[in-house]
Amino acid sequence: MQFNPHLDNITLYEGGKPIELIMREYGIAAKDIIKLASNENPFGVSPKVVDTLQENAKNVFMYPDDSMFEIKDTLSKKFGITSDNLIIGAGSDQVIFFAINAKAEYESKILTAKTTFAMYEIYARQIGAKILKTPSDQHVLSEFLALYEANKDTAIIFLCLPNNPLGECLKRENVYEFLSKIDHNTLVVIDGAYQDFAAAKDPAMQINPKDLIEQFPNTLYLGTFSKSYALGGLRIGYGIAQPNIMQALYKLRPPFNVTSLSLKAALAALEDESFVTRTLENNFKEMRKYENFAKENKIDFINSYTNFITLLLSDDYSSKEIAQILLKKGIIIRDLTSYGINGIRVTIGTPAQNDRFLEEFQKII
Ligand SMILES: *Cc1c(COP(=O)(O)O)cnc(C)c1O
């Protein structure tokens, strides 16, 4: 059978290995497995979210409110925007899909950093769009600008701020200066999946969506409930842009794309601010352990504005092998070999999880 020929160029997205798989493959008990591979919240989910899910479980026979009034209303107030500026997706992942399909087509140009969130490229390839990547792994705005100047017909530029899987971020001031040089017909997507982490570490990195879309009407800001809000399993995220962009994105949205429980859980998660505060505090306190460890052991790392840290290994080690050895001990981390990088990305866990990872990692190196 013949399929869409663009699909031949797609390598499947490789998610973090699930705990169940490690239990089956290596016979390790669930309690002895730690997953630091998917940038999930190490504190699990807010108890308020669990209560909400229980209360609303009895209503799942009904379709969700497809206008998504409550969540849009709450997010509008949080960001000082209106509902016309919002779209809710099954994860911000789905909003990336909407954006690519709304703005790009066969042979459109899409600009990204060399090493960034894999879904930009995967969705772009599905429609046969061309991916242009900067020479450097991390985001370097001068490289983006040079590529853009040589390709003024670029449909979309993706800036992942902070960047997954490397962790670097850019100052708002520099991002804004860059945006001022981009033509109004190029959509610039600012993926803010880790923005609350960046803002907590250094306010100069913080991008305020309202301010962004007012100053630069050709931008789309993305946020998610999967990271600091700990709702990865419920698949809910959002996009913020001017209404003309939204109208295009809505043409791609399937009806009832977000479940009723996800919508309720997101509201509850937004209410539990202390849960997020605790998450952010633990994150940067614990990240110091990794940084100190790396310095003591002369391992390079990228200064991270996220809930993970990327360690770059010397040629003496293979990140693939290290990931494999750790896996057999029940520690799941992310090997970056598929990105062409001899390094590992480790999600910052609870203090106990981090200590155990560092202890085992020390034994290997
Ligand atoms: C996690 C993540 C997302 C989206 O996650 P969803 O679970 O689909 O909301 C988007 N971009 C980046 C860079 C991410 O790391």
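Residues numbered from 1 in each chain as written. Predicted model: local features only at pLDDT ≥ 70, side-chain atom pairs only at ≥ 80, totals over all residues. Heavy atoms only, no water.

J.: Can you explain the packing of helix α12 (residues 273-296) against helix α14 (residues 351-364)? Please cite residues and give values.
T.: At a minimum axis distance of 10 Å, the contact between α12 and α14 shows a crossing angle of 10 degrees. Taken as axis vectors, α12 and α14 run roughly parallel relative to one another. Contact residues: Asn282, Glu286, Lys289, Tyr290 and Phe293 in α12; Pro351, Asn354, Asp355, Phe357, Leu358, Phe361 and Gln362 in α14. (Axes fitted to C-alpha atoms, helices over the stretch in contact; angles between N-to-C directions. Helix = DSSP H or I, 4+ residues; strand = E, 2+ residues; numbered from the N terminus. Parallel < 35°, antiparallel > 145°, perpendicular 65-115°, else oblique. Contact = heavy atoms within 4.5 Å.)

J.: Any chance you could break down the site of the ligand for me, citing the residues and the numbers?
T.: As a structural note, the neighbourhood of the ligand is formed by 13 residues, with Asp191, Thr224, Ser226, Lys227 and Arg235 the closest of them. Serine 92 places a polar main-chain atom, nitrogen or oxygen, 2.7 Å from an oxygen atom of the ligand. A distance of 3.1 Å separates an oxygen atom of the ligand from a polar atom in the backbone of aspartate 93. Considering the ligand on its own, with 380 Å² of exposed area, one finds that the protein chains cover 94% of that surface. (Near = heavy atom within 4 Å. Polar contact = N/O pair within 3.5 Å; in protein donor to acceptor, adjacent residues only side chain to side chain. Areas by Shrake-Rupley, 256 points an atom, 1.4 Å probe, with all protein chains shown as cover.)

J.: So, the state of the cysteines: which residues are in play, and what are the values?
T.: One pass over the structure, following the stated rule, counts zero disulfides. Between cysteine 160, a free cysteine, and cysteine 169, which holds the nearest cysteine sulfur, the sulfur-to-sulfur gap is 9.0 Å. (Disulfide = S-S within 2.5 Å.)

J.: Go over the nonpolar core with me, naming the residues and quoting the values.
T.: Ile71, Leu159, Phe225 and Phe357 are the most contacted members of the largest nonpolar core, which has 78 residues in total. When residues are assigned to domains, this core turns out to be shared by domain 1 (5-45 + 274-364) and domain 2 (47-270), each giving three or more. Counting 30 residues, the second largest nonpolar core, distinct from the first, contains Val95, Ile96, Phe98 and Val189. (Core = buried A, V, L, I, M, F, W, Y, C linked by side-chain atoms within 4.5 Å. Buried < 20%, exposed > 50% of the residue type's maximum accessible area, 1.4 Å probe, protein only. Domains from an automatic or database assignment.)

J.: Help me get a handle on the domain arrangement of the protein chain, residues and values and all.
T.: In terms of domains, the protein chain is made up of domain 1 (5-45 + 274-364) and domain 2 (47-270). Look at where the C-alpha atoms of domain 1 and domain 2 centre, and you get two points 24 Å apart. Contacts between the two partners involve 31 residues from domain 1 and, on the opposite side, 37 residues from domain 2. Buried area between domain 1 and domain 2, summed over both chains or domains, comes out near 2700 Å², and the portion from carbon and sulfur atoms is 70%. Together, His6, Val45 and Tyr305 form the three largest contributors to the area buried by domain 1 at its contact with domain 2, with a combined 26%. The tally of links between domain 1 and domain 2 comes to zero salt bridges. For the pair domain 1 and domain 2, the interface holds nine residue pairs in polar contact (both at pLDDT 80 or more). Mapped onto the side of domain 1 that touches domain 2, the elements with two or more residues apiece are α12 and β10 (308-312). Ranked by residues supplied to the side of domain 1 that touches domain 2, first place goes to α12 with seven residues. The class makeup of the residues in the side of domain 1 that touches domain 2 is 15 nonpolar, 14 polar and two charged. (Buried area = accessible area lost by both parts, 1.4 Å probe. Salt bridge = Lys/Arg side-chain N within 4 Å of Asp/Glu carboxyl O. Nonpolar A, V, L, I, M, F, W, Y, C, P; charged D, E, K, R; others polar.)

J.: Describe in detail the side chain of threonine 279, supporting the description with residues and values.
T.: Mapped onto the elements, threonine 279 comes out in helix α12. Residue threonine 279 is classed as buried on the basis of its relative accessible area of 4%.

J.: Go over the sheet that holds strand β13 (residues 343-347) with me, naming the residues and quoting the values.
T.: By way of backbone hydrogen bonds, the strands of a sheet pair with one another, either parallel or antiparallel. Spatially, four strands are ordered β9-β10-β13-β12 in an open sheet, and the strand pairing comes out antiparallel. This sheet does not close on itself; its edge strands, each paired only once, are β9 (300-301) and β12 (334-335). Both β10 and β13 contribute to a ladder of five bridges, which runs antiparallel. Bridging across to β13, threonine 310 finds its partner in arginine 345. (Pairing = 2+ DSSP bridges.)

J.: Outline the pattern of salt bridges, supporting the account with residue identities and numerical values.
T.: Inspection of the entire model under this criterion finds 16 salt bridges. One salt bridge in this structure joins aspartate 137 and lysine 114, with 3.9 Å as the shortest N-O distance. In this pair, aspartate 137 is assigned in the loop between β4 (130-133) and α6 (141-150) and lysine 114 in the loop between β3 (109-112) and α5 (118-126), connecting sequence segments 23 residues apart. Among the residues examined, aspartate 137 registers a relative accessible area of 26% and is labelled partly exposed. We classify lysine 114 as partly exposed; its relative accessible area is 40%.

J.: Tell me about helix α10 (residues 243-250), and name the residues and values.
T.: The set of residues buried in α10 consists of Ile245, Met246 and Leu249. Buried positions in α10, seen along its axis, are confined to an arc of 100 degrees and lie on one side of it. Exposed residues on α10 whose side chains face more than 90 degrees from its buried face are Asn244 and Gln247. On its buried side, α10 packs onto β2 (86-89), α4 (92-103), β6 (187-191), β7 (219-224) and β8 (237-241). (Arc of directions from axis to C-beta.)

J.: Lay out the sheet that holds β2 in plain terms, naming residues and giving numbers.
T.: Spatially, β2-β8-β7-β6-β5-β3-β4 is the arrangement adopted by the seven strands of the open sheet, whose pairing is mixed. The open sheet has two free edges, formed respectively by β2 and β4, since each of these has just one partner strand. Strand-to-strand twist in this sheet, taken as the mean axis angle between neighbours without regard to direction, amounts to 20 degrees. Of the pairings in the sheet, the one linking strand β5 (residues 156-160) to β6 comprises five bridges and is parallel in character. Looking across to β6, one finds that leucine 159 is bridged to isoleucine 190.

J.: Go over the pairing of β13 with me, naming the residues and quoting the values.
T.: Taken across its five residues, β13 has five buried, putting it largely inside the fold. Of the two faces of β13, the one carrying Gly343, Arg345 and Thr347 and the one carrying Ile344 and Val346 are both buried. Of the strand pairs in this sheet, β12 and β13 are connected by two bridges, and their pairing is antiparallel. Its bridge partner being in β13, aspartate 335 is matched across the sheet by isoleucine 344.

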